[in-house]
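Listed below are the residues making up each chain.
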Amino acid sequence: MWQQLPFCLVFVDWSFDDIYERGESNVKLWKKMLAAGVSASLVFSLAACGSGSDEVEGGDSDGKKVTLTYARGKDQTGATTKLIKAFEKKHPQIRVKFKEMPSDTGVSHDQYVTMFSGGSGEIDVFDLDVIWPAEFAQAGYLEPLDRYIQRDKIDLDQYVEGAVEAGNYNGQQWAMPKFMDAGLLFYRTDLVDKAPKTWDEMMEQAKKLTGKNGAKYGYLFQGKQYEGLVCNFVEFIGSCGGQVLDEQGKVAINSPETVKGLQKMAEIAKSDLVPGNVTAITEIETDAIYGEGQAVFDRQWPYHYAKMNEDGSKVKGKVAVAPLPAGDQGSVAALGGWVSGINKNSKHKKEAWEFIKFMTGPEGQKISAIDGGLAPTYIPLFEDSEVKSASPLFKDKNYVEGLKSAISRPVSPEYQKISDIIQVEVSKTLAGKQTPEAAVKSMEKKLQEVVK
Ligand code: GLC
């Protein structure tokens with residue numbers, strides 16, 4: 001049995017102005033906003049899986065100096081090093097070795113599966129993409145965290161509900177929420193007067209502005225055959241009313257709406273607006289090209305804002321953010337983000353938990369927000385003046401707008417198979433090897449074999 005996060009649009013009526021005008025507790029309002037934006041779509045009723053021991057493990061390291069290995073994807077910002085330093089200062093008995101995994105979430109996923117399925121204890125703590133917990137929990141790779149959370153009285157109500165649920169599977173908490181992602185449109189304030197509202201408006205503006213102020217390209221998106229392509233795909237089809245699965249978890253991809261969304265995506269991919277090698281572009285290349293000042297618009301996650309404002313960036317101080325362009329059914333952002341968990345075979349679970357507690361708690365998330373530009377999941381941080389002033393995105397109405405329409409990818413232990421099917425068929429379409437109609441037919445057939 002499996003479940004999905006329905007691909008639904010979420011409407012939230014609050015804005016930052018409301019927060020201040022209403023005089024309500026900011027924490028309460030953020031909670032309402034973000035919970036509505038994220039958690040309304042999270043439904044879990046998955047098959048039972050082995051939970052392992054209920055005990056909080058002490059590890060074999062009491063009193064001794066312990067070195068933990070913490071793995072996460074390539075850090076584009078340097079916040080991880082700062083976070084580790086801050087943790088080590090507070091916990092002189094624990095050292096943290098940072099193991100940098102590939103930036104491509106799919107490649108990281110496969111490496112983790114190879115390690116964990118072989119019973120490796122090399123990694124103690126690691127960050128999981130929100131699309132992994134169901135699979136990893138079911139496979140027995142993760143230490144359940146409920147007892148640690150209860151023992152240390154962590155109040156999960158202080159966290160964005162949907163982000164908490166992303167680490168929950170079958171009623172157990174397998175990972176702690178670290179940060180949230182939602183696809184956004186970035187634009188150059190030295191070129192663009194008013195952010196475009198629709199795909200067509202964006203293309204029109206991009207066409208006019210290409211060639212100005214060093215902008216060789218009009219638009220950048222992640223077109224390589226990998227997970228980022230799936231995120232872009234759900235945004236395009238969602239903006240036209242298409243969906244992969246319906247609210248009951250049944251395959252619903254073969255619709256005129258999905259065809260329309262994929263057509264728009266293919267039209268942009270084949271246009272002169274994007275680099276000729278757009279089918280090789282991931283977030284890394286997007287950062288590099290946009291940071292060189294070579295594009296007018298791009299689609300990226302929130303950290304990109306911090307990255308583009310770093311010293312050395314040619315667009316420092318010249319970047320603004322808006323909701324992604326709308327199709328005829330509105331603007332849709334894919335919901336992403338990362339949660340942190342403990343390897344079931346870690347020999348240092350007690351210390352691993354201390355690190356997770358710090359990293360996903362107020363201090364750790366504050367570092368990630370300020371130095372990494374990552375959107376907090378710990379709600380009180382949205383009230384923190386340093387977070388607000390270091391990352392204007394977090395008090396920017398447009399950012400909140402972006403979150404409003406976030407849609408989730410299916411939650412399933414079979415998610416990788418679903419993603420692979422989409423990746424292959426969408427890639428073929430962008431490369432002009434099949435029509436959008438043929439692609440959705442083929443995806444329907446293949447998905448039906450996986451989604452029973
Ligand atoms: C970001 C998102 C993640 C998504 C990935 C795709 O890291 O947080 O959820 O799967 O991008 O490249």
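Everything in this summary refers to the structure shown in the same document. Only a predicted model underlies this, so the values are computations on that prediction, with no experimental measurement involved.

**Focus: the sheet that holds strand β10 (residues 319–322)**
In step 1: Strand order across the open sheet formed by 4 strands is β8-β9-β7-β10, with mixed pairing between neighbours. Among the strands making up the open sheet, the edge pair consists of β8 (217–220) and β10. In this sheet, adjacent strand axes meet at a mean angle of 20 degrees when their direction is disregarded.
In step 2: The pairing of strand β7 (residues 184–188) with strand β9 (residues 295–300) spans 4 bridges and is antiparallel. Bridge pairing links L185 to R299 in β9.
In step 3: Where helix α11 (residues 283–291) meets the sheet, its contacts fall on β7, β8, β9 and β10, and the angle it forms with β9 comes to roughly 155 degrees.

**Observations concerning the site of the ligand**
In step 1: The full set of residues close to the ligand is T105, D129, D181, Y226, E227, G228, E283, W301, G336, G337, W338 and R409.
In step 2: Here D181 contributes a side-chain N or O atom positioned 2.5 Å from an oxygen atom of the ligand.
In step 3: In this structure, an oxygen atom belonging to the ligand sits 2.7 Å away from a side-chain N or O atom of E283.
In step 4: Taken by itself the ligand offers 310 Å² of open surface, and the protein chains cover 92% of this.
In step 5: Secondary structure elements with two or more residues in the shell around the ligand: α9 (227–239) and β11 (333–342).
In step 6: With 3 residues, the top contributor of residues to the shell around the ligand is β11.
In step 7: Class assignment for the residues of the shell around the ligand results in 3 nonpolar, 4 polar and 5 charged.
In step 8: The residues that make up the shell around the ligand include at least three from each of domain 2 (63–181 + 336–405) and domain 3 (184–333 + 412–450).

Conventions and cut-offs
- Residues numbered from 1 in each chain as written.
- Predicted model: local features only at pLDDT ≥ 70, side-chain atom pairs only at ≥ 80, totals over all residues.
- Heavy atoms only, no water.
- Pairing = 2+ DSSP bridges.
- Helix = DSSP H or I, 4+ residues; strand = E, 2+ residues; numbered from the N terminus.
- Axes fitted to C-alpha atoms, helices over the stretch in contact; angles between N-to-C directions.
- Contact = heavy atoms within 4.5 Å.
- Near = heavy atom within 4 Å.
- Polar contact = N/O pair within 3.5 Å; in protein donor to acceptor, adjacent residues only side chain to side chain.
- Areas by Shrake-Rupley, 256 points an atom, 1.4 Å probe, with all protein chains shown as cover.
- Nonpolar A, V, L, I, M, F, W, Y, C, P; charged D, E, K, R; others polar.
- Domains from an automatic or database assignment.

Honestly, that's just the spatial picture; any functional story needs more than this.
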